Amino acid sequence: MRMGVDYYPEHWDRSMWEKDAKLMQDTGVSLIRVAEFAWSRLEPTEGCYDFTWLDDAIDTFAKHAIQVVIGTPTCTPPNWLVHEYPDVLPRDAQLHPHYPGVRGHRCYNSLSMRHYSTLIVEKLALHYAANPAVVGWQIDNEFGLHECNCDHCNSRFRDWLQNKYGSIEAVNSEWGTVVWSGEYSNWSQITTPLGGTKHKNPSYLLDYKRFETDSVVEFQQLQLNILKKHCPNHFVTHNIWSYPMSLDYYKLCENLDFVSLDYYPSTSPEKDVSSGYSGALTLDLTRGIKRQNFWIMETISGPPGCWMPMWRTPHPGFIRAFAWQCIARGADTLVHFRWRSAPSGAEQFWHGLIDHSNVPGRRFEEYRGLCQEVQKLAPLLERTKVQSEAVILHSHDQFNAFQMQPQVEGMDYFDNIKTIHRAFTKLGIMTDVLSENEDLSGYKLIVAPSLFLLDPELASRLEECVKNGATLVLMPRTGVKNQNNICWIRPLPGPLSDAAGVTVAEYDPIGRDVHTIRWQNKSYSCSQWCDILSPQSAEPVAWYEDDFFAGQTAATVHALGEGKVYYLGTIPEEAFYVDFFKEAAEESGLHLFPGLPEGVQISLRANESTRYLFLMNLTRKPQTVQLDGIYRSIFNDCDMDQVLTMEPYAIEIVELPQKNV
Ligand code: GAL
Ligand code: ZN
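Residues numbered from 1 in each chain as written. Chains lettered and ligands numbered in written order. Predicted model: local features only at pLDDT ≥ 70, side-chain atom pairs only at ≥ 80, totals over all residues. Heavy atoms only, no water.

Taking an unreviewed UniProt entry as the reference, the protein chain is identified by name as Beta-galactosidase belonging to Paenibacillus glycanilyticus. What UniProt records for the protein chain under Sequence similarities (unreviewed entry) is the sentence "Belongs to the glycosyl hydrolase 42 family." Of the protein chain, the UniProt comment under Catalytic activity (unreviewed entry) reads exactly: "Hydrolysis of terminal non-reducing beta-D-galactose residues in beta-D-galactosides." (UniProt positions renumbered as here; feature names shortened; annotations may be inferred.)

Time to look at the packing of aromatic side chains. A ring pair, where both rings are aromatic, is described by two values, the distance of the centres and the angle of the planes. Applying the stated criterion across every chain yields a total of 49 aromatic pairs. Through a chain of ring-to-ring contacts, the aromatic side chains of Phe157, Trp160, Tyr165, Trp175, Tyr184, Tyr204, Tyr208 and Phe211 assemble into a single cluster. The aromatic ring of Trp12 is capped on one face by Arg340, whose charged end is 4.1 Å from the ring centroid. (Phe/Tyr/Trp six-rings, centres within 6.5 Å; stacked < 30°, edge-to-face > 60°. Lys NZ or Arg CZ within 6 Å of the ring centre and 35° of its normal.)

The next point concerns the coordination of the zinc ion (ligand 2). Within the protein, the zinc ion (ligand 2) binds to Cys107 (SG), Cys148 (SG), Cys150 (SG) and Cys153 (SG); these donor distances fall in the range 2.2 to 2.3 Å. Considering all four donor atoms around the zinc ion (ligand 2), the spread of angles at the metal, 99 to 119 degrees, places the coordination shape in the tetrahedral class. Read from N- to C-terminus, the donor residues coordinating the zinc ion (ligand 2) fall into the pattern C-x40-C-x1-C-x2-C. Here the residue Cys107 occupies a position in the loop between helix H4 (79-84) and helix H5 (111-128), and Cys148 occupies one in the loop between strand S4 (134-138) and helix H6 (151-165), the gap between them amounting to 41 residues. Here Cys107 and Cys148 have matching classes, each one buried. (Donors = N, O, S within 2.8 Å, 3.2 Å for Na, K, Ca; no water. Tetrahedral: all angles 85-135°; square planar, octahedral: opposite > 155°, others 65-115°. Helix = DSSP H or I, 4+ residues; strand = E, 2+ residues; numbered from the N terminus. Buried < 20%, exposed > 50% of the residue type's maximum accessible area, 1.4 Å probe, protein only.)

With that settled, the discussion passes to a nonpolar patch on the surface. Taken together, Val178, Val179 and Trp180 make up a surface patch of nonpolar side chains, about 420 Å² in accessible area. With respect to the element layout, Val178 can be found in the loop between helix H7 (168-175) and helix H8 (202-230). You can call Val178 exposed: its relative accessible area is 56%. (Patch = residues over 30% accessible without salt bridge, like charges linked within 9 Å, V, L, I, M, F, W, Y side chains within 5 Å. Areas by Shrake-Rupley, 256 points an atom, 1.4 Å probe, with all protein chains shown as cover. Salt bridge = Lys/Arg side-chain N within 4 Å of Asp/Glu carboxyl O.)

Let's shift gears to the packing of H8 against helix H13 (residues 396-404). Two elements in contact, H8 and H13, have axes whose closest approach is 10 Å; the angle formed by their N-to-C orientations is 135 degrees. When the axes of H8 and H13 are compared, the pair comes out oblique. Note that H8 runs across H13; the crossing there is right-handed. Only Asp397, Asn400, Ala401 and Met404 of H13 make contact with H8, whose side of the interface consists of Pro202, Leu205, Leu206, Lys209 and Arg210. Of the residues that constitute the contact of H8 with H13, the class distribution is five nonpolar, one polar and three charged. (Axes fitted to C-alpha atoms, helices over the stretch in contact; angles between N-to-C directions. Parallel < 35°, antiparallel > 145°, perpendicular 65-115°, else oblique. Left-handed = near helix turned anticlockwise from the far one by under 90°. Contact = heavy atoms within 4.5 Å. Nonpolar A, V, L, I, M, F, W, Y, C, P; charged D, E, K, R; others polar.)

Okay, the sheet that holds strand S7 (residues 294-299) next. By definition, the strands of a sheet pair up through backbone hydrogen bonds, in either a parallel or an antiparallel sense. A barrel is described by the order of its strands in space; here eight strands give the closed sequence S1-S2-S3-S4-S5-S6-S7-S8, paired in parallel fashion. Mean inter-strand twist for the sheet, computed between neighbouring axes without regard to direction, equals 30 degrees. When strand S3 (residues 67-71) meets S4, the two strands line up parallel, connected through four bridges. When the bridges of S4 are listed, Val69 appears paired with Gly136. Packing of helix H12 (residues 362-381) onto the sheet brings it into contact with strand S1 (2-6) and strand S8 (331-336), and relative to S1 it is tilted by some 145 degrees. (Pairing = 2+ DSSP bridges.)

All residues adjacent to ligand 1 are Phe37, Arg103, Asn141, Glu142, Trp241, Asp262, Tyr264, Glu298, Trp307, Phe337, Glu347 and Trp350. Measuring from an oxygen atom of ligand 1, one finds a side-chain N or O atom of Arg103 at 2.8 Å. Glu347 is positioned with one of its side-chain polar atoms (N or O) 2.3 Å from an oxygen atom of ligand 1. Here the residues of the shell around ligand 1 are counted per class, giving six nonpolar, one polar and five charged. (Near = heavy atom within 4 Å. Polar contact = N/O pair within 3.5 Å; in protein donor to acceptor, adjacent residues only side chain to side chain.)

With that settled, consider the pattern of salt bridges. For the structure shown, the criterion picks out 37 salt bridges. Residues Asp284 and Arg329 are paired through a salt bridge, measuring 3.0 Å at the closest nitrogen-oxygen approach. Remark: Arg329 occurs in the loop between helix H11 (318-328) and S8 and Asp284 occurs in helix H10 (residues 274-290); sequence separation between them is 45 residues. Judged by relative accessible area, Asp284 falls into the buried class, the value being 1%. Linked through salt bridges whose partners overlap, the residues forming this network are Asp6, Arg33, Glu36 and Glu298.

This brings us to the state of the cysteines. With the rule as written, the count across this model stands at zero disulfides. The thiol sulfur of Cys253 is not disulfide-bonded, and the nearest other cysteine sulfur, from Cys75, lies at 16 Å. A relative accessible area of 0% places Cys253 in the buried class. The thiol of Cys530 is not disulfide-bonded; the next cysteine sulfur, from Cys526, is found 4.6 Å away. Taking the relative accessible area as the measure of exposure, Cys530 reaches 0% and is therefore buried. (Disulfide = S-S within 2.5 Å.)

Bringing the domain arrangement of the protein chain into the picture now. Per the domain assignment, the segments making up the protein chain are domain 1 (2-143 + 234-382) and domain 2 (390-588). Here domain 1 and domain 2 have C-alpha centroids that lie 38 Å from each other. Contacts between the two partners involve 17 residues from domain 1 and, on the opposite side, 20 residues from domain 2. Summed over both sides, the interface of domain 1 with domain 2 buries roughly 1800 Å², with 64% coming from carbon and sulfur. (Domains from an automatic or database assignment. Buried area = accessible area lost by both parts, 1.4 Å probe.)

Attention shifts here to the UniProt feature "domain: Beta-galactosidase C-terminal" (unreviewed entry) in the protein chain. Under the UniProt annotation, "domain: Beta-galactosidase C-terminal" (unreviewed entry) lies at residues 599-655. A distance of 22 Å separates the end C-alpha atoms of residues 599-655, which is 0% helix and 56% strand.

Considering the arrangement of structural elements, one finds Gln94 in the loop between H4 and H5. Separated by 100 residues in the primary sequence, Gln94 and Leu194 place their C-alpha atoms 6.6 Å from one another. Beyond its immediate chain neighbours, meaning those up to four positions away, Gln94 contacts Gly195 and Gly196.

This is how it looks when you write it as structure tokens:
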């Protein structure tokens, strides 16, 4: 567990390196990430590589016991490359090039891009393989999808389809192209989604998204192979931006050693409470991508700006508290973005730990304290893992399918997951967020938000978990389609109808209208969607109170094997989730931390013998937390009051014996 910073030696006069390195060492920084945008300095003209400046920088920092992660520079093709080989530039749906000027102006399928990327990564790998200060690599920077329509992408898309379907007839039938005379009689008729309308065949669009992810994965794999071949002792990672995102991070990270996340919680006072909750989801989701601890490769150090007018500066305590939130939810190393604000370029006002003044100030002092705390606690937290008993399923394909076919005004797949996750966080229930492709055995409670695309294989895996004792919670828009985005011709929830013991007789997409349901003699509001349920072997547990379906079933429960399946036919308000999941969690014997005030979160990291409970006030207000016993604060080495007052952004960590709660 260590602290690092993102550092750009090429942005500073060499005379500053030594001072920066010394200050880092004195502060407790032991790692820098460098070079991920420095292609024009590493290869100033075609074939002329110059790594001497980077060697000197690395030597300077190594003398101060600072190790180095090198970013491959392929996010920023230099002007000579773009000029000589214009096929590097992606083309939008109107076939206009995405010109250089910012970053990311590269088509992942471009042959020139692949060729020159491979060359520079190989040179770097060979050059730094034996440098003792270099510990690992970050490939590129924050991959995303371009929806490129260049010739390379078109021909590779056709190859991809041939590989997947084998014949043009299979494409026609799996996509249902018969509608609107969309049938193909020759491969050459298939193109990437060019301009015009976005209302194209959803099966085609979904495959195009999958193809795009595969293009990024392939582009990354070229680099990964080189790095693994020449630098077998180095780790390789990539820094993802947070979900929601149309690129499939699960696939992207499959072959990496670990996932790294760039985490920028909002500093806005209006988001005082909400940013901690959405951050908790982001962190849980990141941990779930490879089901292991992860790194933070960038995080907030000052007021963000440039991509938008500047946000508020991090309130005193904010930088420290959100750093601890990352650790609490599974981060093993934190790299802050960035050491010092850039003097030039488009990102001058995305502030670093040190301002342009070059005088370390309040934020820097807070960071210094954080480094010291992390150093002190690292030996305890090393090799601990987050412990969860509940899981929320998150699917990349579901997200894309909903993005291309919004079901109703106000229904957003990821926002709905946010609300569910927030309810769990408020209840103090540790929750994993996992892809539906994962093995889910062992979880007591599985929440499956809108399994829009549902094949019988996933349905039977979920059913198995229930039979073995899990409680499964299903939601509207489940079992609508198969994996090719074609509707099932059977009652909803399709392949899960039997397990749920219920079918949907009719639905009303109520959108932003607000209705109410009655559950356990209490009314709760709901919106977006109402499935009017027809229980088969399930029991009704909630009823609609409005409209022509007042009195009809809104939710059911169905006992199955050792477990049970709830079907919620609507999207309820958060208060319902809090009450409902509390009851479901208690029934399933999950651990809760009841009574947490708004914005106060807990987390648990554990090894075989000890669990560390984190209590975090991620708000600008003091808060009071009722503890169920006398606990000893690790920070202050003293017993804490049972009615604990937490100052704004206060963090407490306590040691619990394993199996105590
Ligand atoms: C990240 C990016 C960094 C920097 C930062 C602040 O998305 O990886 O290079 O731009 O945002 O905008
Ligand atoms: Zn392309």
